[in-house]
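# Structural overview
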Amino acid sequence: MRLRALRIATDTTVTEVDLPETGALLAIRDHIGTTDAVDQGIYHRLALLHVHGAGRAIGLEQNLAAWALASAWRGTVLYPIHGPVVVTGRTRDGEVAALEDGLARHVHTTAQTVRETLGEWRSRPPASSEAALHELLANVTRGVVPGR
């Protein structure tokens, strides 16, 4: 059996990934591009974000789409996320599971919103870095958190 997951690249590209049920964590390492540690972030109770453990330290590019998704799910501006990210589902026990359709839509919607917002900024740059973060997060949150 295979587990559905999504890979978010630093250029906001989202790719469907099928992980083996046995050995999913090893496959996630391959998709992230490391043989070293992979950190797991819990920003939604039904999902895990798998992040390169040394992404920032080795100079990987910031992943705005993954950051925006995690921040929207958490409801606050979070720390930067660097490098490609794999998003999986999460069991009640905290284990890797297949990603649910609704959460997969959140990933796709977030990536599209980030691309559109960055495009808008070419003709209308934000007033500051702080204003940019808040605008981006507000745009993404409308797409992934009902009622906001």
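All of the points below concern the structure found in this document. (Residues numbered from 1 in each chain as written. Predicted model: local features only at pLDDT ≥ 70, side-chain atom pairs only at ≥ 80, totals over all residues. Heavy atoms only, no water.)

### Section: the pattern of salt bridges
Any two side chains of opposite charge can pair, given that their charged atoms come close. Scanning the entire structure with this criterion turns up four salt bridges. Note that Arg4 and Asp101 form a salt bridge whose closest N and O atoms lie 2.6 Å from each other. You can see Arg4 sitting in strand 1 (residues 2–8) and its partner Asp101 sitting in helix 3 (residues 101–123), a full 97 residues away along the chain. Taking the shortest distance from any N to any O, the salt bridge between Glu135 and Arg124 comes out at 2.7 Å. Placement of the pair is Glu135 in helix 4 (residues 129–144) and Arg124 in the loop between helix 3 and helix 4, with a sequence separation of 11 residues. (Salt bridge = Lys/Arg side-chain N within 4 Å of Asp/Glu carboxyl O. Helix = DSSP H or I, 4+ residues; strand = E, 2+ residues; numbered from the N terminus.)

### A closer look at the pairing of strand 2 (residues 14–20)
Relative to strand 2, strand 1 runs antiparallel, the two sharing seven bridges. Along strand 2, the bridge assignment pairs Arg4 with Asp18. Between strand 1 and strand 2, which follow one another and run antiparallel, lie five residues, and Thr12 among them has a positive phi close to 75°. (Pairing = 2+ DSSP bridges.)

### Looking at unusual backbone geometry
Within the chain, Thr12 stands out as a residue other than glycine whose phi angle is a positive 75°. Considering the arrangement of structural elements, one finds Thr12 in the loop between strand 1 and strand 2. Thr12 gets classed as buried once you look at its relative accessible area, which sits at 4%. (Buried < 20%, exposed > 50% of the residue type's maximum accessible area, 1.4 Å probe, protein only.)

### Considering the nonpolar core
Grouped together as the largest cluster of nonpolar side chains are 32 residues, with contacts concentrated most on Ile8, Leu49, Trp73 and Val87. Where this core is concerned, the elements lending two or more residues are strand 1, strand 4 (47–52), helix 2 (64–74), strand 5 (85–90), helix 3 and helix 4. Tallying contributions element by element places helix 2 first for this core, with eight residues. Here Trp73 is in contact with Tyr43, His44, Ala47, Leu49, Val87, Leu103 and His106, once residues within four sequence places are set aside. (Core = buried A, V, L, I, M, F, W, Y, C linked by side-chain atoms within 4.5 Å. Contact = heavy atoms within 4.5 Å.)

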